[in-house]
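Each chain, written out:
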Amino acid sequence: MSKTILTRRTFLGAGAAGASSLMLGGCDALNFLADRDGTVRDVLEKANDVTYYVQRALIGDALAREYAESEIRQGQRPNGSTDPQSAEYLALKANDFADYRLSVTGLVETPKSYSLAQLRNMPSRTQITRHDCVEGWSCIAKWTGPPVSVVLDEVKLKSAARYIVFHCYDNMGSGASGPNFYYESCDLVDARHPQTILAYGLNNEALPVPNGAPMRVRIERQLGYKQPKYVHTIEAVSSFAEIARGKGGYWEDRGYEWYAGI
């Protein structure tokens, strides 16, 4: 099984990297990804749905591969946003995140807000895993933090909840409707997976700002863009229809697959 997963992981990473390079280069061949009503895009989205269900059937509750500490060769490479400049984030950083709060809202019985100290005192998990970026690189690192399932159990999801959305401090640029803050999401299967954690530690140190301080999410069975940094709110929802462009994530709103399983 491990050989099959690694082969599929390598293939998907290489394919996604190629597509990403073409998109970033402005290739006309992929202009259909920006056409929200395009027939070709519709076909690919249906194919992505098939991939999601097939992968769910194949891997079930399997764990992502974990590594020995001796296999950590370098620091975790930062990418994407590395230093959010919103006034709220800058104020939190200036006080070493002492005033940070993680809010849990949406379709929950008991909305809660947690300080960083409270999160650090929760039952935690430490795992050494490989981060696979859609750009084609990978990096092994050690992550520490409480499983997302611990928080979900405390707030008690309502029956209508189907997805978990992670809202972040990093502004990816302003549009006609205002700032575009990064966000990501997963289904309840990945949210409750034991390796899906709220990471406050990286390689035996506090999570650095370039890597998402004070808190980022690790969804270890998916590609890197599904690992949101600078998270301030967890929201349980029944659909993505009312969030940004309705596709479940910042990059998904711009053509990437919502399910990036590896």
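Everything below is about the structure shown above.
The model shown is predicted, which means the values in this text are computed figures rather than measured ones.

Caption draft 1: Quick look at the overall build of the chain. Along the chain, the regular secondary structure elements total six helices and 11 strands. Burial analysis of the chain (262 residues in total) assigns 48% to the buried set. Restricting to contacts in the chain with at least 6 residues of sequence separation, those with at least 24 account for 69%. With an accessible surface of roughly 12500 Å², the chain has 53% of that area assigned to carbon and sulfur atoms.

Caption draft 2: Here's a closer look at the sheet that holds strand β8 (residues 201–202). With antiparallel pairing, the four strands of this open sheet are ordered in space as β3-β4-β8-β9. Two strands in the sheet have a free side with no partner beyond their single neighbour: β3 (125–132) and β9 (205–206). Looking at chain direction, strand β4 (residues 138–145) and β8 are connected through two bridges and run antiparallel. Each residue of the ladder has a partner; that of Trp 143, found in β8, is Leu 202.

Caption draft 3: Structural detail: the packing of aromatic side chains. In total, this model carries 10 aromatic pairs according to the counting rule given. For the ring pair Tyr 163 and Phe 240, a centre distance of 4.5 Å and an interplane angle of 40° mean the geometry is tilted. Pair noted here: Tyr 163 is in strand β5 (residues 163–175) and Phe 240 is in the segment after β11 (231–237), with a separation of 77 residues, a long-range link. Classification of Tyr 163 by relative accessible area gives buried; the value is 15%. Take Phe 240: its relative accessible area is 10%, and that puts it in the buried class. One aromatic cluster is present, formed by Tyr 182, Tyr 225, Tyr 250, Trp 251 and Tyr 256 through successive ring pairs. The cationic tip of Arg 254 hangs over the ring face of Tyr 250; the distance from NZ or CZ to the ring centre is 3.8 Å.

What counts, and at which threshold
Residues numbered from 1 in each chain as written. Predicted model: local features only at pLDDT ≥ 70, side-chain atom pairs only at ≥ 80, totals over all residues. Heavy atoms only, no water. Helix = DSSP H or I, 4+ residues; strand = E, 2+ residues; numbered from the N terminus. Buried < 20%, exposed > 50% of the residue type's maximum accessible area, 1.4 Å probe, protein only. Contact = heavy atoms within 4.5 Å. Areas by Shrake-Rupley, 256 points an atom, 1.4 Å probe, with all protein chains shown as cover. Pairing = 2+ DSSP bridges. Phe/Tyr/Trp six-rings, centres within 6.5 Å; stacked < 30°, edge-to-face > 60°. Lys NZ or Arg CZ within 6 Å of the ring centre and 35° of its normal.

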